[in-house]
Amino acid sequence: MIHIITGSTLGGAEYVGDHLSDLLQDQSLETTIHNQPALEEIPADGTWIIVTSTHGAGDYPDNIQPFIAALQNTPPRTNNLKFAVVAIGDSSYDTFCAAGKHAHVLLEDIGATPLSECFTIDIQEHPVPEDAAEEWLQSIIHQLK
Ligand SMILES: Cc1cc2nc3c(=O)[nH]c(=O)nc-3n(C[C@H](O)[C@H](O)[C@H](O)COP(=O)(O)O)c2cc1C
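Thresholds applied
- Residues numbered from 1 in each chain as written.
- Predicted model: local features only at pLDDT ≥ 70, side-chain atom pairs only at ≥ 80, totals over all residues.
- Heavy atoms only, no water.
- Near = heavy atom within 4 Å.
- Polar contact = N/O pair within 3.5 Å; in protein donor to acceptor, adjacent residues only side chain to side chain.
- Helix = DSSP H or I, 4+ residues; strand = E, 2+ residues; numbered from the N terminus.
- Nonpolar A, V, L, I, M, F, W, Y, C, P; charged D, E, K, R; others polar.
- Buried < 20%, exposed > 50% of the residue type's maximum accessible area, 1.4 Å probe, protein only.
- Contact = heavy atoms within 4.5 Å.

**A few points about the site of the ligand**
In step 1: The ligand sits among 19 residues. The nearest are Ser8, Gly12, Ala13, Thr54 and Thr95.
In step 2: Take serine 8: an N or O atom from its side chain is 2.6 Å from an oxygen atom of the ligand.
In step 3: Threonine 9 places a main-chain nitrogen or oxygen 2.9 Å from an oxygen atom of the ligand.
In step 4: Only helix 1 (12-26) and strand 4 (81-89) provide two or more residues apiece to the shell around the ligand.
In step 5: Here the residues of the shell around the ligand sort into 7 nonpolar, 11 polar and 1 charged.

Here it is in structure tokens:
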């Protein structure tokens, strides 16, 4: 099972999560989308794809903050957990994609196995972030089958 966990304020990261889910299902892979992620409801095995934007001054969107805090405070066993992070942001901020970059390091710190580097999408360059995310997915999808 591939769990798609989104952090979004304005909906953009949620759209990217929906698009990745559709593409994965087209390849007969099973997905569950968590737009209000709660750590206790998401098994720490299989694959997590975290898709998060950055808000405030390098902060996580509100909806994903409790999930991240729970990961920090009560990390699950991650021996069987692979992950990838898609970070969406705007390069006009000094804190470009800070939330997604933080999530990537956090998951590595708690022992999960990365499937790729943290993938950043700059909305200045990619006003439709789904397209960049789709291209990225093609580069890692062989690891998900
Ligand atoms: C108030 C505000 C603060 C933002 N702060 C950052 C930031 O610190 N770093 C960054 O990379 N992008 C920042 N952004 C850009 C958003 O991450 C970007 O617009 C993203 O596409 C929003 O995705 P969402 O619709 O999922 O919330 C900010 C946007 C807003 C409106």
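**Describing the side chain of serine 116**
In step 1: Of note, serine 116 is situated in the loop between strand 5 (113-114) and strand 6 (119-122).
In step 2: For serine 116, a relative accessible area of 16% gives the class buried.
In step 3: A distance of 3.4 Å separates polar atoms of two side chains, one belonging to serine 116 and the other to tryptophan 136.
In step 4: Residue contacts for serine 116: discarding those within four places in its chain leaves Phe83, Ala84, His104, Trp136 and Ile140.

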